[in-house]
Amino acid sequence: MTRLSTSGCEFYRNGAWHDAAAAREHLEKKYRYLARKNLVPKTEDFIKLGGTESSMSHEPYQVRCAGQVSSSSAWLTRELGEVRSGREASTP
């Protein structure tokens, strides 16, 4: 989530774009909720259960970086791969 909050990207949820800091705050709340229920033993589990769509509207989350829009699932998975491989952020 640090990667998202420092990316300069925007996060789309429930019909509006939010800055990266607001996205991190929202996703951290979802993570804490899922973690209390022991549903996210791995980061991939969180991406699938909490980082993909709104649990209220079921509308997919999106990430917009430098005008490029992708699903949050694809963006988070790509960034996780880069973190694990030790590479620098691929987005601004």
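Just above sits the structure.
Residues numbered from 1 in each chain as written. Predicted model: local features only at pLDDT ≥ 70, side-chain atom pairs only at ≥ 80, totals over all residues. Heavy atoms only, no water.

K.L.:
Before we go on, may I ask you to explain the overall build of the protein in this structure?
P.N.:
A tally of helices and strands in the protein yields four helices and four strands. In sequence order, the secondary structure elements of the protein are arranged as α-β-β-α-α-β-β-α. Whereas a compact globule of 92 residues would reach a radius of gyration of roughly 12 Å, the protein reaches 12 Å, a difference of no more than 12%. Along the first, second and third principal axes, the C-alpha atoms of the protein reach 35 × 30 × 20 Å. Counting every position in the protein, which comprises 92 residues, the buried fraction comes to 30%. A total of about 5600 Å² of accessible surface is found on the protein, and carbon and sulfur atoms cover 52% of it. In the protein, 14 positive and 11 negative side-chain charges are present, and the distance between their average locations comes to 5 Å. (Helix = DSSP H or I, 4+ residues; strand = E, 2+ residues; numbered from the N terminus. Rg over C-alpha atoms; globule rule 2.2 N^0.38 Å. Buried < 20%, exposed > 50% of the residue type's maximum accessible area, 1.4 Å probe, protein only. Areas by Shrake-Rupley, 256 points an atom, 1.4 Å probe, with all protein chains shown as cover. Lys, Arg positive; Asp, Glu negative; His and termini not counted. Charge placed at Lys NZ, Arg CZ, Asp CG, Glu CD.)

K.L.:
Sorry, what's going on with the nonpolar core here?
P.N.:
As a rule of thumb, soluble globular proteins bury nonpolar side chains together. Ranked by size, the top nonpolar core spans 15 residues in total, and within it L4, F11, L27, V63 and W75 carry the most contacts. Elements supplying a minimum of two residues to this core: α2 (20-36), α3 (43-50), β3 (62-65) and α4 (72-85). When near neighbours in sequence (up to four residues on either side) are disregarded, L4 contacts F11, A20, A23, R24, L27 and W75. (Core = buried A, V, L, I, M, F, W, Y, C linked by side-chain atoms within 4.5 Å. Contact = heavy atoms within 4.5 Å.)

K.L.:
What exactly am I supposed to notice about the sheet that holds strand β4 (residues 68-71) here?
P.N.:
In any sheet, the strands associate via hydrogen bonds between backbone groups, in a parallel or an antiparallel arrangement. Pairing in this open sheet of four strands is antiparallel, and the strands run β2-β1-β3-β4 from one edge to the other. Since the sheet does not close on itself, it has two edges, and those belong to β2 (16-19) and β4, each with one partner. Neighbour to neighbour, the strand axes of the sheet diverge by 30 degrees on average, direction disregarded. In this sheet, β4 lies alongside β3 in antiparallel orientation, the contact comprising four bridges. (Pairing = 2+ DSSP bridges. Axes fitted to C-alpha atoms, helices over the stretch in contact; angles between N-to-C directions.)

K.L.:
Where do I start with the layout of surface pockets in this structure?
P.N.:
Over the atoms a probe the size of a water molecule is rolled, and this reveals where empty space is left. When its volume is computed, the largest pocket comes out at roughly 220 Å³. Lining the largest pocket, in full, are M1, R3, L4, L27, T43, F46, I47, W75, L76, E79, L80 and V83. Going through the elements one at a time, α1 (2-5), α3 and α4 are the ones with two or more residues in the lining of the largest pocket. Counting residues per element, the lining of the largest pocket draws most heavily on α4, which supplies five residues. Taken together, the residues of the lining of the largest pocket break down into nine nonpolar, one polar and two charged. (1 Å grid on protein atoms, 1.4 Å probe; cavity = no way out; pocket = protein on both sides within 12 Å on 5 of 7 lines; lining within 4 Å. Points joined across faces, edges and corners; volume = space filled by probe spheres on them. Nonpolar A, V, L, I, M, F, W, Y, C, P; charged D, E, K, R; others polar.)

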